[in-house]
Structure formats: structure tokens, C-alpha cells
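Survey of secondary and tertiary structure
Listed below, chain by chain, are the residues.
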Amino acid sequence: MKVPFFRPIIGAEETEEVLDTLKSGWLTTGPKTKKFEEEFAKAVNAPFAVAVNSCTAALHLALEALHLQSDEAVLVPTMTFAATAEVVRYLNAEPVLVDVHPDTLHIDLADAEERLKKCRKRVVGIIPVHIGGMMVNMEEVNKFAKKHNLWVVEDAAHSFPAGWRKSEKDEWKICGSGDSEVTCFSFYANKTITTGEGGMATTHREELAERMRIMSLHGISKDAWKRFSSSGNWYYEIVAPGFKYNLTDVAASIGIHQLKKAELFRKKREEVAKKYNEGMKSIEEIELPPEDINRIHSWHLYYIKLNLEKLSINRSEFIDKLKERGVLTSVHWMPLHMHPYYKKVYGYEESDFETASKVYYRLISLPIFPDLKDEEIDYVIENVRRICEEYRN
Ligand SMILES: *Cc1c(COP(=O)(O)O)cnc(C)c1O
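As the structure is a prediction and not an experimental result, all values here were calculated from the model.

**A word on the pattern of salt bridges**
- Applying the stated rule across the entire model yields 26 salt bridges.
- The residue E17 makes a salt bridge to K32 at a minimum N-O spacing of 3.0 Å. Remark: K32 occurs in helix 2 (residues 31-44) and E17 occurs in helix 1 (residues 12-24); sequence separation between them is 15 residues.
- The shortest N-O distance in the salt bridge between E139 and K166 comes to 3.4 Å. With E139 in helix 6 (residues 138-147) and K166 in the loop between strand 6 (163-164) and strand 7 (173-174), this pair connects stretches of sequence that are 27 residues apart.
- For E139, a relative accessible area of 29% puts it in the partly exposed group.

If you want it as C-alpha cells, here you go:
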């Protein structure tokens with residue numbers, strides 16, 4: 001059997017909507033994008049949503065709208081994707097990498113506090129990452145941000161739909177509706193919903209939404225599509241040197257229908273996660289992903305951690321053994337401080353991030369997507385178990 005790491009699900013609704021758009025005569029940002037924005041904003045209970053062509057673009061626009069300056073610094077967990085820190089560099093500011101909690105891989109605020117104190121530049125913001133789709137405790141982040149006068153931009157590339165609450169007595173807070181300045185989502189091909197490439201920035205601050213919208217299209221003071229529609233005219237003004245980050249109506253056509261299926265997709269991934277949990281809980285050579293009754297988990301990722309002292313093979317060999325048997329996996333991620341750029345420019349060493357450096361060598365992300373079949377789930381479980389048995393210490 002062959003089990004892929006991911007299979008996107010595109011239904012007839014998406015295909016028909018794309019065809020409709022192709023035939024409509026309006027391919028780039030227009031009415032479908034507007035509809036997608038409105039429906040997404042409703043889905044996450046946010047007053048404003050700006051559709052863009054990637055989550056990276058959303059993060060960049062957020063930091064630009066917050067006036068990040070080149071002599072300033074931003075706290076970023078080292079356990080994240082390239083995008084989270086590179087956007088800080090786009091504005092010539094410094095990403096201050098922070099260690100993570102060993103179980104959740106969430107940004108460690110105690111470590112963040114230490115690094116903030118030591119940083120020679122002024123630290124102005126923090127970008128928590130809801131890794132795998134299990135949200136960071138946003139109350140703690142917001143408290144920390146308030147104490148140090150920081151803005152908060154959430155990297156929510158994994159966490160749609162997702163939610164958190166403080167305790168069982170409290171109400172759910174949906175990711176994207178919180179107190180943070182901006183929340184950034186991804187619709188990349190293998191994210192929880194997709195538009196091929198795409199992203200969304202949500203905010204409760206109108207002036208940030210306005211700035212992000214203007215900067216997403218050349219810094220032009222009004223939506224270009226309105227210029228060419230019957231209600232618009234030819235005149236526009238450039239108010240700043242903006243970017244080319246707008247989402248197309250072709251992509252938004254896919255998004256409109258993916259959005260409708262998002263909770264169904266999430267429930268299906270949750271079922272996969274439950275089956276994995278049940279099937280692998282007795283395997284002592286691995287640790288299962290963390291869970292919390294106070295989270296609505298998007299289950300974008302299902303990562304296990306190898307208990308290396310109980311195994312005679314390392315993580316890379318474990319991945320190769322799975323691959324030999326047809327199970328494709330991934331690693332999320334090699335921490336940023338271990339990459340050549342961050343080592344070279346900021347002088348980071350593995351010993352500077354004790355937890356992330358250690359946990360990295362244990363991580364394997366298993367296949368998880370809505371239409372992963374029962375026999376595929378069983379096959380993954382069986383092979384993880386067999387490899388553990390064969391290479392047990
Ligand atoms: C995928 C991802 C991004 C970037 O998303 P794009 O839409 O591809 O730009 C950012 N942050 C994290 C944590 C991601 O996994």
C-alpha cells in the first residue's frame with residue numbers, strides 16, 4: 001500500500017465555481033474575492049478580512065501596517081516555518097528567536113522574557129504560531145504583550161478552523177476573532193482549506209485592514225477592480241509603494257466552497273487523529289501529540305515524537321523505514337536557528353535553544369487529511385508499530 005502525506009479535496013462545487021469565474025470575464029480580484037472575504041470574516045467572527053495571495057503576504061502586510069522599523073525586533077518561536085521570521089527581515093527588523101514548550105511546541109514565554117531583556121534592539125511585537133492547529137494559550141500571550149507593550153500577530157497558517165477557551169466554564173474563542181492586532185491564515189495547497197495559493201488577514205482594527213488592503217495592491221488608494229467596473233472610474237492615487245499581493249477571483253472561487261466544507265474537513269481530520277491515538281497509545285517508543293479539552297484542534301498536523309532512547313534507529317532512519325513501506329511523512333520543522341542563514345547572521349547555536357534543538361530530532365508528522373481511508377490509517381499504525389518492535393532497544 002502507498003499512503004501519501006497529503007491529498008487535497010476539490011469537489012464539483014469548486015470546479016464549477018472556477019469555470020463560472022473563467023467564463024465571467026473577470027479573473028483577478030473582484031466580486032468572488034469580496035464574497036470570500038466576507039464569508040471568511042463571518043466564519044472566524046472577525047470584523048475585517050483582507051484576502052491575499054499567501055499567508056506570507058498577510059504576515060508581511062500586517063507587520064508593515066504596524067509600522068515595524070528596521071531598528072526594532074520581533075519575538076518569533078524558533079520552531080516554525082520560514083515565513084514567520086522572514087517577514088520581519090523584509091522590513092529589515094530583527095527576528096528574535098525563542099525556544100518552545102517541549103510538549104506543545106508553542107512559544108515559551110519565560111524564554112521570550114529572557115531574550116527580550118537581553119535584546120539590544122527595541123522589541124515591539126510577538127508572532128505566536130498555532131503549530132499543528134492546536135492554539136497557543138492566547139490569554140497568556142496577550143498578558144505578556146500588554147506587560148511589554150507589544151503588538152501580537154498570530155501565525156494561524158495551521159489553525160483554520162480552530163478555537164480555544166480558558167477553561168470548561170468559559171466560552172470558545174475562534175481563531176481570528178481574538179484581541180491580537182492581526183491573524184494570518186494560509187490557503188496553500190496542503191493547508192486545512194486551499195485556494196492553491198492564498199491567504200487571509202483578519203483584524204478588529206479598521207485602520208490596519210485599510211492599510212493592508214491598500215498595500216496589497218501597489219499602495220493604490222482604491223480597489224483596482226472598482227476602477228474598471230461600471231461604478232468606478234479611471235482615476236486613482238498611489239499613497240505608498242505597495243506590493244502585489246492580491247488574491248485572484250479564480251483562487252477565491254475555490255476558497256468560497258472550501259470554506260463551506262472547512263468544519264466537515266476538520267471533523268474528519270479529528271476522526272483520523274482519534275484513530276491514530278487509539279491505535280498507537282500503547283506503543284512505548286513514541287509520544288503522541290498533545291491534546292487539550294480547552295482547544296478546538298484543526299488537526300492540520302499529527303506529529304509523533306520518538307522516544308529515541310528506546311530505539312536503535314534515529315528519526316531519519318525511522319522515516320526511511322516508513323517510506324520503504326509506502327508511508328510518506330514529513331518533519332515540522334527543523335527549527336529556524338539550525339538553518340545556515342540564522343546561524344550565520346545571528347550566530348545562533350543549537351545549545352541556545354535547548355528544547356527545540358532536542359525535540360527536533362524526535363519529530364515525525366504522519367499523514368492526516370480528510371479522506372484518509374480506514375485501511376490507510378490502519379496501515380500507518382501497523383507500520384509505526386512494526387518499526388518500533390523491530391528496532392526496539
Ligand atoms: C504554510 C505556512 C506559512 C506560509 O503560508 P503561505 O500561504 O504558503 O505563505 C506560514 N506559517 C506557517 C506556520 C506555515 O506552516
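**A word on the site of the ligand**
- Taken together, 16 residues surround the ligand, and among them T56, D155, H158, S186 and K191 come closest.
- One nitrogen or oxygen atom from the side chain of D155 is found 2.7 Å from a nitrogen atom belonging to the ligand.
- Between the ligand and the protein, one listed contact pairs an oxygen atom with a side-chain N or O atom of H158 at 2.7 Å.
- Considered on its own, the ligand offers 380 Å² of accessible surface; in the complex 92% of this is hidden by protein.
- Taken together, the residues that form the shell around the ligand break down as seven nonpolar, seven polar and two charged.

**Let's talk about the sheet that holds strand 11 (residues 295-296)**
- Strand order in the open sheet formed by three strands is 7-6-11, and the pairing between neighbours is antiparallel. A single partner strand is all that each edge strand has here, and the edge strands are strand 7 and strand 11.
- The pairing of strand 6 with strand 11 spans two bridges and is antiparallel. The partner of G163 across the bridge, within strand 11, is I296.

**Structural notes on the nonpolar core**
- L63, L68, M79, V88, W151 and V153 are the most contacted members of the largest nonpolar core, which has 52 residues in total.
- Elements with a minimum of two residues in this core: strand 1 (48-52), helix 3 (55-65), strand 2 (72-77), helix 4 (82-90), strand 5 (151-155), strand 8 (182-186), helix 7 (206-215) and helix 12 (354-360).
- Per-element tally for this core: the top contributor is helix 3, with eight residues.
- Mapped onto the domain boundaries, this core takes at least three residues apiece from domain 1 (12-260) and domain 2 (263-390).
- Judged by nonpolar contacts, the second largest core, of 42 residues, contains V98, V136, I256 and F265.

**Details of the side chain of D108**
- Mapped onto the fold, D108 is located in the loop between strand 3 (94-98) and helix 5 (109-118).
- Buried charge without a salt bridge: D108, with R115 as the nearest opposite-charge side chain at an N-O distance of 8.3 Å.
- Beyond its immediate sequence surroundings of up to four residues, D108 is in contact with V98, D99, V100 and H101.

**So, the pairing of strand 12 (residues 302-306)**
- With five of five residues buried, strand 12 is to be regarded as a mostly interior element.
- The side-chain alternation of strand 12 yields two buried faces, one formed by Y302, I304 and L306 and the other by Y303 and K305.
- With two bridges joining them, strand 10 (residues 286-287) and strand 12 adopt antiparallel strand pairing. Each residue of the ladder has a partner; that of I286, found in strand 12, is L306.

**Comments concerning the environment of V74**
- Within the secondary structure, V74 is located in strand 2.
- With 72 residues separating them along the chain, V74 and K2 place their C-alpha atoms 42 Å apart.
- V74 has contacts with L68, V88, E94, P95, V96, V124, G125, I126, I127 and W151, leaving out every residue within four places of it along the chain.

**A look at the domain arrangement of the chain**
- Along its sequence, the chain is organised into domain 1 (12-260) and domain 2 (263-390).
- One C-alpha centre belongs to domain 1, the other to domain 2; they are set 26 Å apart.
- Taken residue by residue, the interface counts 48 residues in domain 1 and 35 residues in domain 2.
- Between domain 1 and domain 2 lies a buried interface of about 3,300 Å² when both sides are counted; carbon and sulfur atoms form 62% of it.
- Ranking the residues of domain 1 by area buried against domain 2 places M79, L97 and M134 at the top, with a combined share of 17%.

**Comments concerning helix 9 (residues 249-280)**
- Here helix 9 spans 43 Å end to end across 32 residues, near enough to the 46 Å set by a 1.5 Å rise per residue.
- Of all the bends in helix 9, the greatest, near 50 degrees, is centred on K261.

Reading the values: the criteria
Residue numbering note: each chain is counted from 1, following its sequence as written. Confidence filtering applies because this is a predicted model: local features only for residues at pLDDT of at least 70, side-chain atom pairs given and counted only at 80 or more, and all residues used for totals across whole chains, interfaces and linings. In computing side-chain values, all of the structure's heavy atoms are included and hydrogens and water are not. Salt-bridge detection follows one rule: a side-chain nitrogen of Lys or Arg within 4 Å of a carboxyl oxygen of Asp or Glu. In DSSP terms, a helix is any run of H or I states spanning at least four residues, a strand is any run of E spanning at least two, and both are numbered starting from the N terminus. Remark: exposure states derive from per-residue accessible area (1.4 Å probe, protein chains only) relative to the maximum for the residue type, with buried under 20%, exposed over 50%, and partly exposed in between. Nearness of a residue to a molecule or strand requires only that one of the residue's heavy atoms be within 4 Å of it. Nitrogen and oxygen atoms within 3.5 Å of one another constitute a polar contact, given that in protein one can donate a hydrogen and the other can accept it, and given that sequence-neighbouring residues count only through two side-chain atoms. The protein chains shown are the only cover counted for residues, whose accessible areas, like all others here, come from Shrake-Rupley with a 1.4 Å probe. Basically, the charged four are Asp, Glu, Lys and Arg, the nonpolar ten are Ala, Val, Leu, Ile, Met, Phe, Trp, Tyr, Cys and Pro, and anything else, Gly included, counts as polar. Pairing between strands is defined by DSSP: at least two bridges between them are needed. Here, nonpolar core refers to any group of buried Ala, Val, Leu, Ile, Met, Phe, Trp, Tyr and Cys residues whose side-chain atoms link them within 4.5 Å. What counts as a domain boundary in this text is fixed by an automatic or database domain assignment. Here the positive residues are Lys and Arg and the negative ones are Asp and Glu; neither His nor the chain ends is included. Should any heavy atoms of two residues lie within 4.5 Å, those residues are considered in contact. Each of two parts loses accessible area, computed with a 1.4 Å probe, when they are put together; buried area is these two losses added. Expected span, for any helix, means 1.5 Å times one less than how many residues it has. The term bend refers to the angle at a residue between two fitted axes, each drawn through seven residues, those ending there and those starting there.

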